[in-house]
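Residue-level structure breakdown
Spelled out from the first residue to the last, the chains are:
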Amino acid sequence: MNTQEILAILRGERGINPSLGIEEDDLLENAFFDLSKAEKNSFWLMFVEAVELLAANKEGMPVYLASRFIYSLSEIKPRHRPRKKNLFDFLLGVLDADSPNPMRAGVLLLLLVLDRGDAVFWKKQIAASLASLEETQDPTYGMAAVVYAFLGLNPKATIAAEDWGRLFLVMSELPRTPRLELLELLVGVEKETKEPVRLREELETGLYELAASTKSNVLPELKPSIKSVFKTWLERNEPHPAIAALLTHQLSDRQNSNKWAFSSPRQVLEGIYDARPEHGKAAA
């Protein structure tokens, strides 16, 4: 298999059949597993060359499909990811403000799967992906890029409160809440974080900063959707007690109000402390 054959598949020039669930990345995966061991080694050089051409031409969907192919190989046991991950390091410099959202999502997914890029890189990608999401209002590929950027930074450094606040503020302006993507982000970050208490503190402050930017400290109209995502997160996940306490407190109904009001971080901590049984006994 040569570069042109790989390009033809990723550009949809070969026999895809979406009605049967056969898409470009499926065809490429089937072709890959038909190769001999020696052919698979040379395949990666051709694949990298193809992705380079697609990225240079800003061909969004083909780049995204290429990343989905890599992701699917990483999920198969034994894994079949390329051994020389640095072959893909050129992707660290291909994104700019004009990159289409499918390309941005694809590049970030590929780098995430291969564990490339340092904390500085991923921090920049959070800012860039949020700016793109705000501008394009794309809850699919735009939000996917945001998810991959957050997941990429999480193992490298703490996701700051300003990033959380910015995330929820941008999402409050979308025509609809990308619930599954937000749930994927929250669960992924919580499960992989090395500092759950620090995550709770940053998330809490980010939520408070969002509330402070709106009138009467009430989350904008989108709040029922985001609230339902948080509830689902608590139901499906086993978060650190500090994170569970924070969200349970914030999600609790207040005087049968349909508004989701926010307390300050200090009030949240004091409320949690006051609710502890041992604290009540001590006060008595």
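Numbering of residues starts from 1 in each chain and follows the order in which that chain's sequence is written. In view of the model being predicted, local features appear only for residues whose pLDDT reaches at least 70, and side-chain atom pairs are presented and counted only at 80 or more, with totals across whole chains, interfaces and linings using the full set of residues. The basis for the side-chain values is all heavy atoms of the structure; hydrogens and waters are excluded.

Here the focus is the overall build of the chain. Helix and strand counts for the chain stand at 14 helices and zero strands. Buried residues in the chain amount to 46% of all 284 residues. By the convention used here, residues are in contact when the closest approach between their heavy atoms is within 4.5 Å. A separation threshold of at least 6 residues defines the contact pool for the chain, and within that pool the share at least 24 residues apart is 70%. Exposure was quantified through the Shrake-Rupley algorithm and a 1.4 Å probe, taking into account, for residues, occlusion by the shown protein chains and nothing else. Total accessible area on the chain stands at roughly 14300 Å², and carbon and sulfur atoms take up 49% of it. In DSSP terms, a helix is any run of H or I states spanning at least four residues, a strand is any run of E spanning at least two, and both are numbered starting from the N terminus. Relative accessibility under 20% of the residue-type maximum defines a buried residue, over 50% an exposed one, and the middle range a partly exposed one, all with a 1.4 Å probe and only protein chains included.

Here we come to the pattern of salt bridges. Salt bridges are identified by distance alone: a Lys or Arg side-chain nitrogen within 4 Å of an Asp or Glu carboxyl oxygen. Counted under the stated rule, the structure contains 10 salt bridges. One salt bridge in this structure joins K58 and D96, with 3.0 Å as the shortest N-O distance. In this pair, K58 sits in the loop between α3 (37–56) and α4 (60–75) while D96 sits in the loop between α4 and α5 (101–113), placing the two residues 38 residues apart along the sequence. Notably, a salt bridge pairs K156 with D115, separated by 2.9 Å at the nearest N-O pair. Of the two residues, K156 is situated in the loop between α7 (141–153) and α8 (161–171) and D115 in the loop between α5 and α6 (119–136); the sequence distance between them amounts to 41 residues. The partly exposed category is assigned to D115, whose relative accessible area is 48%. Connected via shared salt-bridge partners are K123, E162 and D163.

Turning our attention to the side chain of S67. Its place among the elements puts S67 in helix α4. For this analysis, a polar contact is any N or O atom pair within 3.5 Å, provided that within protein one partner can donate a hydrogen and the other can accept it, and provided that sequence-adjacent residues contribute only side-chain to side-chain pairs. A polar atom in the side chain of S67 sits 2.7 Å from the backbone oxygen of Y64. Discounting residues that sit within four places of it in the chain, S67 has contacts with G106, L109 and L110.

Once that is clear, we can look at the environment of L114. Among the structural elements, L114 can be located in the loop between α5 and α6. Among the residues examined, L114 registers a relative accessible area of 0% and is labelled buried. Note: C-alpha distance between L114 and K84 (30 residues apart in sequence) is 9.7 Å.

Further remarks concern the side chain of S74. Note that S74 resides in helix α4. For S74, the residues in contact, after removing those within four places along its chain, are R79, R81 and V113.

This part is about unusual backbone geometry. With an omega of -5°, the peptide bond running from K77 to P78 counts as cis. For P78, the position within the fold is in the loop between α4 and α5. The phi torsion at D115 lies on the positive side, around 55°, for a residue other than glycine. One non-glycine residue, Q137, lies in the positive phi region at around 55°. Inspection of the secondary structure puts Q137 in the loop between α6 and α7. Using a relative accessible area of 27% as the deciding quantity, one classes Q137 as partly exposed.

Okay, the packing of aromatic side chains next. Stacked, tilted and edge-to-face are the three classes applied to pairs of Phe, Tyr and Trp rings, where Trp contributes its six-membered ring and a pair requires centres within 6.5 Å; stacked means planes under 30 degrees apart, edge-to-face means over 60, and tilted covers the rest. In this structure the tally under the stated criterion is 16 aromatic pairs. The interplanar angle of 65° and the centroid separation of 5.2 Å between the aromatic rings of F32 and F43 together place this pair among those described as edge-to-face. Within this pair, whereas F32 is found in helix α2 (residues 24–33), its partner F43 is found in helix α3, the two being separated by 11 residues in sequence. Of the two residues, F32 and F43, both sit in the buried class. Consider the rings of W44 and F47, whose centres lie 5.6 Å apart with planes at 85°: the pair is edge-to-face. Here the residue W44 and the residue F47 both occupy positions in helix α3, the gap between them amounting to three residues, near one helical turn. Its relative accessible area of 9% is what places W44 among the buried residues.

It is worth spelling out the packing of α4 against α5 at this point. Between N-to-C directions, angles span 0 to 180 degrees; the directions come from axes that are lines fitted to C-alpha atoms, helices contributing only their stretch in contact. Packing of α4 against α5 leaves a shortest axis separation of 7 Å and a crossing angle of 25°. With respect to α5, the element α4 is oriented roughly parallel. As α4 runs across α5, the sense of the crossing is left-handed. Residues G60, M61, V63, Y64, S67, R68, I70, Y71 and S74 of α4 form the contact with α5, whose own contacting residues are P102, M103, A105, G106, V107, L109, L110 and V113. Each residue belonging to the contact of α4 with α5 can be placed in one class, and the counts come to 12 nonpolar, four polar and one charged. Note on angle classes: values under 35 degrees are labelled roughly parallel, values over 145 roughly antiparallel, values of 65 to 115 roughly perpendicular, and the remainder oblique. Left-handed is the label given to a crossing in which the near helix is rotated counterclockwise from the far helix by less than a right angle, and right-handed is the label when the rotation is clockwise. Only Asp, Glu, Lys and Arg are considered charged, only Ala, Val, Leu, Ile, Met, Phe, Trp, Tyr, Cys and Pro nonpolar, and every remaining residue, Gly among them, polar.

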